[in-house]
Amino acid sequence: MSRGNVAVFVPHNGCPHQCSFCDQRRITGQQKQPAPEEVWAIAQKAAQTQDVSQCELAFFGGSFTAIDRDYFCSLLAVAKRAREELGFAGVRCSTRPDAIDEERLVLLKEHGFTTIELGAQCMDDAVLRRNGRGHTVQDVQHASAQIQDFGFSLGLQMMTGLPGADESIDRETAAAFAAIHPDFVRIYPTLVLPGTRLAQWYEEGSYRPQTLQQAVELCSGLLLFFEKADIPVIRLGLHDTPDLQQQVLAGPYHPAFRQLCESRIFLRNTLSLLGENCRNSGEEVVLAVHPKSISNALGQKRGNLTELQKRGWRVRFVQDASVLPGQIEKRVNERKR
């Protein structure tokens, strides 16, 4: 899971459906399909500037295994060449659960693919139907089992706040993901983009997106859930691009969404550690965290400190490399001596 990606975006190519929320070109910032020679040039450039033996060539942004067969095979050939001639550690792609079968998996295996991500989004059939996904929960489960049986690393992508879903359904989706035992997951809060059915529903008032606070509360809990299940969450929130910032009509967009969630976890842990000690007493409490954790402990724009003050605590965070990352330890307040 420590490998990097050299990303190639194939926006919306091959997808037979138009999901309520989907505009892959705005999400990826990519407007056209890359030719095989362009993909090879990307791979070559990466090999000249970094150690690609620690990277996967990654086909993102569309339903890779559902694209036109000739185009599909031409990209497979580039992928295989990138592994054999340039030394890439592997190749990954993202695709739909209903675009996986034995024939496709054999081709991917023969051409050096190592990781497959499925856009599952939700594990509730009614929500999938409402949003035009065109696949079922059973499709996700079957495709996941096939991918694992072939020895690929499996990733699952979920979306929170979809039309027809609520926090209970989103948590059930996370539990269903954990039962599949993927190697990693990605979590994307639903955003409203122009030109989508979701935009129409939003403008009509029939869809109300999550607020940023609601999404942070939910997704911070999901992050903890997957952490306890020993399933890495490799992305939380859409990758920030200038085009995406300008185009989002509504929804819990934030360029540092993951940090907001991690900071919220720190706030919860801090409150749990403090209990009622020194609340509203004016006495300063000193808490030690690892240097890598200090920004999450303080919160964005020192928001955690502000929230603690509102709740009656006076807290000072100090950095201590002996504390495990993500942990918090009380310290004696030397200023009182």
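Our structure is the block above this text.
Worth saying up front: this structure is predicted, and the values here are computed from it rather than measured.

Cut-offs used in this document
Residues numbered from 1 in each chain as written. Predicted model: local features only at pLDDT ≥ 70, side-chain atom pairs only at ≥ 80, totals over all residues. Heavy atoms only, no water. Helix = DSSP H or I, 4+ residues; strand = E, 2+ residues; numbered from the N terminus. Rg over C-alpha atoms; globule rule 2.2 N^0.38 Å. Buried < 20%, exposed > 50% of the residue type's maximum accessible area, 1.4 Å probe, protein only. Contact = heavy atoms within 4.5 Å. Areas by Shrake-Rupley, 256 points an atom, 1.4 Å probe, with all protein chains shown as cover. Lys, Arg positive; Asp, Glu negative; His and termini not counted. Charge placed at Lys NZ, Arg CZ, Asp CG, Glu CD. Axes fitted to C-alpha atoms, helices over the stretch in contact; angles between N-to-C directions. Parallel < 35°, antiparallel > 145°, perpendicular 65-115°, else oblique. Pairing = 2+ DSSP bridges. Expected span 1.5 Å × (residues − 1). Phe/Tyr/Trp six-rings, centres within 6.5 Å; stacked < 30°, edge-to-face > 60°. Lys NZ or Arg CZ within 6 Å of the ring centre and 35° of its normal. Salt bridge = Lys/Arg side-chain N within 4 Å of Asp/Glu carboxyl O.

### Focus: the overall build of the protein
Regarding its fold elements, the protein presents 13 helices and 10 strands. The C-alpha atoms of the protein give a radius of gyration of 22 Å, which matches the 20 Å a tight globule of 337 residues would have. In terms of overall dimensions, the protein has a C-alpha envelope of 75 × 50 × 35 Å along the principal axes. Relative to its full complement of 337 residues, the protein shows a buried share of 50%. Counting contacts in the protein only where the partners sit at least 6 residues apart, residues at least 24 apart contribute 78% of the total. When the accessible surface of the protein is split by element, carbon and sulfur atoms take 46% of a total near 15,900 Å². One way to put it: in the protein the 38 positive side-chain charges average out to a point 8 Å from where the 39 negative ones average out.

### Some thoughts on the packing of helix α9 (residues 212–228) against helix α11 (residues 257–274)
When two helices pack together, their arrangement is given by the angle between the helix axes and by the axis-to-axis distance. Orientation of α9 relative to α11, taken along the N-to-C sense of each, is 70°, at an axis distance of 8 Å. As far as their axial angle goes, α11 and α9 are roughly perpendicular. Here α9 contributes L212, Q213, A215, V216, E217, C219, S220, G221, L223 and L224 to the contact with α11, which in turn contributes F257, R258, L260, C261, E262, R264, I265 and R268.

### Comments concerning the sheet that holds strand β5 (residues 153–160)
Ordered in space as β1-β2-β3-β4-β5-β6-β7, the 7 strands form an open sheet in which the pairing is parallel. The outermost strands of the open sheet, each flanked by one partner alone, are β1 (4–9) and β7 (233–236). Pairwise comparison of adjacent strand axes, ignoring direction, gives a mean angle of 20° for this sheet. Bridge count between strand β3 (residues 90–95) and strand β4 (residues 113–121): 5 bridges; the pairing is parallel. Its bridge partner lying in β4, S94 is registered against E117.

### Remarks on the sheet that holds strand β10 (residues 329–331)
In space, the 3 strands of this open sheet follow the order β9-β8-β10, with mixed pairing throughout. The open sheet terminates on both sides in strands that have one partner only, identified here as β9 (314–319) and β10. Looking at each pair of strands side by side, their axes are set apart by 40° on average, direction ignored. Where strand β8 (residues 284–289) lies against β9, 6 bridges are found, and the strand directions are parallel. Residue pairing for β9: V285 is matched across the bridge by V315. Against the sheet, α11 contacts β8, β9 and β10, and its axis sits at roughly 130° relative to β8.

### Brief notes about α11
If you check α11, its first and last C-alpha atoms are 26 Å apart, about what 18 residues at 1.5 Å a residue would give, namely 26 Å. Within α11, the full set of buried residues consists of F257, L260, C261, S263, I265, F266, L267, T270, L271 and L274. At the exit of α11 stands G275, carrying a positive phi of roughly 60°.

### Thoughts on the side chain of N296
Within the element layout of this structure, N296 appears in helix α12 (residues 294–298). Since its relative accessible area comes to 11%, N296 is described here as buried. When neighbours within four sequence positions are excluded, N296 is seen to be in contact with Q259, E262, S263, F266 and N304.

### Details of the packing of aromatic side chains
The final tally for this structure, using the stated rule, is 6 aromatic pairs. Note on F225 and F226: the rings are 5.3 Å apart at their centroids and 70° apart in plane angle, and the pair reads as edge-to-face. Given the relative accessible area of 32%, F225 is considered partly exposed. Here a set of aromatic residues connected by ring pairs shows up, and it is made of F59, F64, F72 and F113. Sitting over the ring of W40, R81 keeps its end group 3.8 Å from the ring centre.

### What to know about the pattern of salt bridges
Between side chains of opposite charge, a pair can form as their charged atoms come close. The final tally for this structure, using the stated rule, is 15 salt bridges. One salt bridge connects R96 with D98, and the closest N-O pair in it is separated by 2.8 Å. Classification of D98 as partly exposed rests on a relative accessible area of 32%. Close ionic contact of E262 with R258 constitutes a salt bridge, the shortest N to O distance being 3.0 Å. With E262 and R258 both in helix α11 and 4 residues apart, this pair spans about one turn of that helix. Several salt bridges share partner residues, and in doing so they unite E56, R92, E117 and R186 into one network.

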